[in-house]
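# Remarks on the overall topology
These are the residues of each chain, in order.
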Amino acid sequence: MNGGRVASKPELYKIARDAVVYANEEQAFNLINEVAAQGGDLLALLKEGFGKGHQEVGDMFEKGDISLPELLFSTDVTRKAVEMIENHAEAGLKKAEGKVLLATVSGDVHNIGKGLVAYTIITHGIEVIDLGCDVPVEYIIAKAEENRVDIIGTSALLTSTLREQKKLEDELRKAGIRSKYLTMVGGATCTQRWASRIGADVYCEDAVEAAKAVIAHLSKKYG
Ligand code: B1M
C-alpha cells in the first residue's frame, strides 16, 4: 500500500478517509487487515480515518457537492468498515461507556439520514442499537428498557410522522421513565422549535451535531 515502507498514522488515516470519500471498499478492507495484522489501533483508524471521511461526505452532501447515490456508496463503505473492525474486537477495539438507541419513527421509511447519524456515532466507539425504520413507539421503549440505553434518538422526515416523536415523549412520561433517558430528535422536517414544544432534550440538525450531543451527554454521565 506504500511501497514496503511502514506508513505513518496520518498516512493510514488518509488512506481510510479516501476509502470512504471515494467509496473504495477494497482499499478499506485491505487497510483494516494490514493495521490489524500489525496490532495497530483500529479504533483510532475508525475515528480519525473512516470517521473523518464519513463526516466529509455528509458535509459534501449537505452542500450539494455530491448526489444521494454517491452518499449511499460511501455510507456503505463506512458501514462495512465498522462491521469489519467490530469483528476484530479481540484486536483491541474497546467501546466507550454508554449506549444509544436510534429509530426512524412509525409510518416513516426514510432510513438514510438516521443511518448516517448511527455510523457517525459508532465511529466514536459508542455502541448504537439501530432499530431501523417504521418503528412503533411501544417497540422503541421496550428495546430501550431491555438494552438499558442512555439515549433514545428518533428521526422523522415526514410532516405526518413528526407526531410520533411527541408520542414517544408522552409515553415515556406516562410510564414514569422519562428521566432515565436523554431524548434526541432530528430529520428533515424536525426543528428546534418542534423539539422544545414536545419536550425533547436535544434537537440536532445533522449527524455531526448528533454525535457531539451524544459524546457530551455520555462524558457528563460517565466521566
Ligand atoms: Co421521501 N420525502 N417520501 N423518500 N424523501 C422527503 C422527506 C420529502 C421532503 C421530499 C419532498 O417532497 N421534497 C417529502 C416529505 C415532505 C413532508 O412531509 N414535509 C417526502 C415524501 C413526501 C415521501 C413520500 C410520502 C412520497 C410518496 O410516496 N408520495 C414517501 C413516504 C414513505 C414513508 O416514509 N412512508 C417517500 C419515500 C421516499 C423513498 C422511499 C423513495 C426514499 C427513502 C429511501 C430510504 O431512506 N431508504 C425517499 C427519499 C430519499 C427522500 C429525500 C429525497 C431524501 C431523504 C434523504 O435520505 N436525505 C427527501 C427530500 C430531502 O430531504 N431533500 C424526501 C439524505 C439524508 C442524509 O438527510 O434524512 O435529512 P436527512 O438526515 C440528515 C438530518 O436530517 C439529520 O442528520 C442527517 C444527515 O446529517 N438527521 C438527524 C436525520 N435524522 C436524525 C436523527 C437525529 C439527529 C439528526 O437524532 C436522533
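Everything numeric here is computed off the predicted structure, so don't read it as measured data.

### Thoughts on the pairing of strand β2 (residues 127-130)
Moving residue by residue along a regular strand, the side chains alternate between the two faces of the sheet. In this sheet, β2 lies alongside strand β1 (residues 99-104) in parallel orientation, the contact comprising 4 bridges. Pairing of Leu101 across the sheet is with Ile129, part of β2.

### Details of the side chain of Thr154
Summarising the element assignment, Thr154 is placed in strand β3 (residues 151-155). Among the residues examined, Thr154 registers a relative accessible area of 5% and is labelled buried. Ignoring sequence-local partners within four residues, the contact set of Thr154 consists of Ala103, Val105, Ile140, Gln165, Leu168, Met184, Val185 and Gly186.

### Some points on the environment of Gln27
With respect to the secondary-structure elements, Gln27 resides in helix α2 (residues 25-37). By relative accessible area, which is 23% here, Gln27 ends up partly exposed. Within the local environment of Gln27, its side chain forms a polar contact with the backbone oxygen of Ile15, the two atoms lying 3.0 Å apart.

### Remarks on the site of the ligand
Close to the ligand lie 31 residues, the nearest being Val109, His110, Asn111, Ser155 and Thr159. Take Val109: an N or O atom from its main chain is 2.7 Å from an oxygen atom of the ligand. Residue Ile112 places a main-chain N or O atom 3.5 Å away from an oxygen atom belonging to the ligand. Looking at the shell around the ligand, the elements that each hand over two or more residues are α3 (42-62), α4 (68-87), α5 (112-122), β3, β4 (182-186) and α9 (207-222). In terms of residue count, α5 provides more of the shell around the ligand than any other element does, 4 residues in total. Classifying every residue of the shell around the ligand gives 16 nonpolar, 11 polar and 4 charged.

Basis of the calculations
- Residues numbered from 1 in each chain as written.
- Predicted model: local features only at pLDDT ≥ 70, side-chain atom pairs only at ≥ 80, totals over all residues.
- Heavy atoms only, no water.
- Pairing = 2+ DSSP bridges.
- Helix = DSSP H or I, 4+ residues; strand = E, 2+ residues; numbered from the N terminus.
- Buried < 20%, exposed > 50% of the residue type's maximum accessible area, 1.4 Å probe, protein only.
- Contact = heavy atoms within 4.5 Å.
- Polar contact = N/O pair within 3.5 Å; in protein donor to acceptor, adjacent residues only side chain to side chain.
- Near = heavy atom within 4 Å.
- Nonpolar A, V, L, I, M, F, W, Y, C, P; charged D, E, K, R; others polar.

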